[in-house]
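Geometric and topological summary
Letter by letter, the chains look like this.
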Amino acid sequence: MVSKLEILPNEILLNIFCYLSWDKILISLWSLNTRINSLIYLIFSKDKNGIILNQTDLSYKTFSEILLPLIYNSSLISSAIKHICFDGINSNSYNLIDQSFFYNNNNNIPYFPNLKSIKINQCLLSQSLIKTLSLLIQYQLDQLTLSIDENTIKFIRDPEHPRRIIRHTRKSIIMFKQLIRQLFSDRCQLMFIRLDVADDDPPINIHQCLVLSSHPSTKLISNKIQYGCLTLRHLYIRIKYTCFLEHLIEYIPNIERLSVIFKRSMDMEPRSKSDMEILIKSNGNWFEKVPKLNYFTLKTLINNDFQLAYLKWILNNLNHIQKLKLHLQINRMDLFSDSIIQINVVDANFIRQYCLPDVIINIKYFQFHIISHCQLLSYNIEKIINSFKIDEFFISHQSTNVTCFLDPFMSCQYLSSSILNIPQWINGLVFHPSILTWPHIQYVSINLHPSVYLFLERFNEIYPNISHIKVYTGSYADVNEPGVCLSLRLPFKIGQRKVADIQFRNVTRLDLGFIFSCDIEYN
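Position numbers for residues start from 1 in each chain and track the written sequence from start to end. With pLDDT at 70 or above as the cut-off, local features in this predicted model cover only qualifying residues; side-chain atom pairs require 80 or more to be listed or tallied, and sums for whole chains, interfaces and linings still use all residues. With hydrogens and water stripped out, all remaining heavy atoms of the structure feed into the side-chain values.

The protein carries the name F-box domain-containing protein in an unreviewed UniProt entry, which gives Rotaria sordida as its organism.

**Remarks on the sheet that holds strand 1 (residues 50-53)**
Just so we agree on the cut-off: Think of it this way: DSSP has to see at least two bridges between two strands before they count as a pair. To qualify as a helix, a DSSP run of H or I must reach at least 4 residues; to qualify as a strand, a run of E must reach at least 2; elements of each kind are numbered from the N terminus. Interaxial angles span 0 to 180 degrees and are taken between N-to-C directions of axes, which are lines fitted to C-alpha atoms, for helices over the stretch in contact. Any two residues having at least one pair of non-hydrogen atoms within 4.5 Å are treated as being in contact.
Read across the sheet, twelve strands follow the order 1-2-3-4-5-6-7-8-9-10-12-11 without closing on themselves; strand pairing throughout is mixed. The sheet is open, and its two edges are formed by strand 1 and strand 11 (403-407), each paired on a single side. On average, each strand axis in the sheet is tilted by 5° relative to the strand beside it, whichever way the strands run. The sheet contact formed by strand 11 and strand 12 (residues 412-416) spans five bridges and is antiparallel. Note that in strand 12 the partner of Cys-404 across the bridge is Leu-415. Each of strand 10 (365-373), strand 11 and strand 12 is contacted by helix 17 (residues 381-389), which is oriented at about 150° to strand 11, the strand it contacts most.

**A few points about a nonpolar patch on the surface**
Short version of the rule: Nonpolar side chains (Val, Leu, Ile, Met, Phe, Trp, Tyr) within 5 Å and like charges within 9 Å form the patches, drawn only from residues with over 30% relative accessible area and no salt bridge. Computed with the Shrake-Rupley method and a 1.4 Å probe, the accessible areas treat only the protein chains shown as cover for residues. Here, a salt bridge means any Lys or Arg side-chain nitrogen found within 4 Å of an Asp or Glu carboxyl oxygen. Here the term buried applies to any residue with accessible area under 20% of the maximum for its type, exposed to any over 50%, and partly exposed to those in between, with areas from a 1.4 Å probe on protein chains only.
On the surface, a nonpolar cluster with roughly 210 Å² of combined accessible area is contributed by Leu-5, Ile-12 and Ile-16. Following the sequence through the fold, Ile-16 ends up in helix 2 (residues 10-17). Using a relative accessible area of 36% as the deciding quantity, one classes Ile-16 as partly exposed.

**Let's talk about helix 3 (residues 22-29)**
Within helix 3 the residues assigned to the buried category are Trp-22, Asp-23, Ile-25, Leu-26 and Leu-29. Where the residues of helix 3 are buried, they touch helix 2, helix 4 (34-44), strand 1, helix 5 (60-72) and helix 6 (75-80). Among the residues trailing helix 3, Ser-31 stands out with phi positive, at a value near 75°.

**Structural notes on helix 8 (residues 127-139)**
For clarity, the cut-off: What a helix is expected to span follows from its residue count: subtract one and scale by 1.5 Å. The arc in question is the one spanned by the directions pointing from the helix axis to the C-beta atoms.
The end-to-end C-alpha distance of helix 8, which contains 13 residues, comes to 19 Å, matching closely the 18 Å that a straight helix rising 1.5 Å per residue would cover. Listed as buried for helix 8 are Leu-129, Ile-130, Thr-132, Leu-133, Leu-136 and Ile-137. The buried residues of helix 8 occupy an angular sector of 165° when projected down its axis, which confines them to one face. Opposite its buried face, helix 8 presents the exposed residues Lys-131 and Tyr-139, each directed more than 90 degrees away.

**Details of the pattern of salt bridges**
All chains considered together, the criterion is met by eight salt bridges. One salt bridge connects Arg-233 with Glu-256, and the closest N-O pair in it is separated by 3.6 Å. Here Glu-256 lies in the loop between helix 12 (242-248) and strand 7 (257-267) and Arg-233 lies in the loop between helix 11 (216-224) and strand 6 (234-241), a separation of 23 residues in the sequence. Given a relative accessible area of 34%, Glu-256 falls into the partly exposed group. We note a salt bridge from Lys-289 to Glu-250, for which the minimum N-O separation is 2.9 Å. Of the two residues, Lys-289 sits in the loop between helix 13 (273-281) and strand 8 (295-302) while Glu-250 sits in the loop between helix 12 and strand 7, which places them 39 residues apart along the sequence.

**What about the packing of aromatic side chains?**
Stated formally: Pairs were defined over the aromatic rings of Phe, Tyr and Trp, the Trp ring being its six-membered one, requiring ring centres within 6.5 Å. Orientation was assigned from the angle between planes: stacked under 30 degrees, edge-to-face over 60, tilted for the rest.
Within the structure shown, the criterion is met by 18 aromatic pairs. For the ring pair Trp-22 and Phe-63, a centre distance of 6.1 Å and an interplane angle of 75° mean the geometry is edge-to-face. Remark: Phe-63 occurs in helix 5 and Trp-22 occurs in helix 3; sequence separation between them is 41 residues. Across this residue pair, the class does not change: Trp-22 and Phe-63 are buried. Aromatic side chains Tyr-295 and Tyr-365 sit 6.1 Å apart centroid to centroid with 70° between the ring planes, which places their arrangement in the edge-to-face category. With Tyr-295 in strand 8 and Tyr-365 in strand 10, this residue pair connects regions lying 70 residues apart in the sequence.

**A look at the packing of helix 3 against helix 5**
Rule in force here: For classification purposes, an angle smaller than 35 degrees is called roughly parallel, one larger than 145 roughly antiparallel, one from 65 to 115 roughly perpendicular, and anything else oblique. Any residue outside Ala, Val, Leu, Ile, Met, Phe, Trp, Tyr, Cys, Pro, Asp, Glu, Lys and Arg is labelled polar, Gly included; the first ten of those are nonpolar and the last four are charged.
Contact geometry for helix 3 and helix 5: axes closest at 11 Å, N-to-C directions at 70°. Looking at the two axes, helix 3 sits roughly perpendicular to helix 5. Contact residues: helix 3 offers Trp-22, Asp-23, Leu-26 and Ile-27, while helix 5 offers Thr-62, Phe-63, Ile-66, Leu-67, Leu-70 and Ile-71. A class-by-class count of the residues in the contact of helix 3 with helix 5 yields eight nonpolar, one polar and one charged.

Spelled out as structure tokens, the structure:
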């Protein structure tokens with residue numbers, strides 16, 4: 001007798017299986033019959049499906065004693081797996097990352113012959129992990145996502161002397177730096193890299209990895225990276241120091257798309273200001289270094305006009321690109337040393353002068369999202385928007401329909417080349433959207449205020465993709481006393497409504513605190 005489940009067509013079964021995690025699919029459905037097996041094979045053969053080790057309910061025992069033998073003993077499953085994710089946030093999956101997980105120790109044949117992509121997030125920098133990655137990026141993988149955050153670094157630093165490395169981890173750090181060098185060498189066949197090494201304070205000093213050294217122990221490594229990674233086409237990297245970007249350009253000759261995120265602002269250290277002034281005045285055209293680069297994205301904070309000048313220097317070096325995307329937050333323009341910038345707002349003239357290369361003939365596509373803290377004075381939104389409608393560059397690129405929003409409470413200006421769905425300021429509610437992640441905003445931060453419920457009522461409607469909310473309890477917005485008194489009376493009327501109807505569709509994290517963080521995250 002055919003079961004009710006098997007009556008359903010393949011399309012319906014595939015939709016049903018999408019609601020099950022990969023481990024539940026294998027444990028519950030594998031080997032039921034040939035048809036179900038073929039559907040499971042189809043699911044695992046998709047690029048972003050595969051072994052995802054981030055579930056809190058998946059024990060090491062279940063994985064090692066049930067799932068892993070099942071995968072190893074079925075050539076159909078193991079050959080279908082193209083993607084594996086190790087996530088140390090919710091699991092101890094880093095314990096599995098060693099050569100024996102990927103290769104048969106008896107004959108050194110890979111268990112996953114079609115594996116092309118690995119994602120590693122917040123995992124300990126064990127020597128086995130580094131050795132395995134070194135082997136995979138040289139011979140098998142096309143894509144790698146690797147995130148090294150402060151939770152990973154804290155296991156390396158000496159708690160009594162944070163600028164020193166714990167003795168037994170020194171070899172791991174040396175090996176990790178060698179791995180970073182290898183990523184951008186001819187011993188790497190990756191086409192896509194997403195790398196987060198922004199937690200780069202001493203004693204880690206990842207930004208020094210690509211600096212050619214005269215030390216005998218590094219001569220061999222330096223010789224091997226002189227030609228760079230010839231296969232790399234797309235690179236998304238989160239860093240702290242500007243020097244790392246400048247060194248990196250030397251080793252990615254065939255890069256086509258480059259996305260750079262600075263952790264906070266563009267940190268010029270360890271170089272002196274005089275050295276940077278000489279650099280900024282130089283003409284360091286990067287066309288000969290990255291001639292195939294077509295698309296460049298940059299996300300950063302700008303804290304002074306010196307950093308603004310460095311931004312301009314980067315853009316002039318890349319004036320051969322066709323697509324440019326900027327996510328900028330400009331802090332306290334009124335404190336800049338340039339008196340012209342102090343009294344300015346961001347309009348078409350400002351962007352032409354500071355946010356575009358001097359040579360713009362090659363740019364076909366330009367997108368920007370900017371938040372600036374400035375003296376708004378008597379500027380109005382219409383005047384800012386009109387500046388784009390009369391500028392030849394924005395007219396020729398059909399980019400005159402910008403979105404502008406001025407916030408008098410925070411002295412902030414929001415400006416975007418696309419539509420921003422920013423809610424109005426209601427009864428003194430201070431709201432900090434992460435302009436740097438539009439339109440795929442992942443978290444928001446707000447100051448605790450009696451009228452916050454008005455924002456939460458429309459939360460799912462305005463921001464359906466947000467998973468993280470930060471609430472700061474330090475102070476209310478700077479509004480007049482009558483406004484505050486009015487907002488204080490409003491919450492007492494909520495009892496007449498169904499407060500339970502206020503839901504957070506995708507929110508999994510809620511933070512309460514006093515400090516507003518300006519770190520820039522990936523989209």
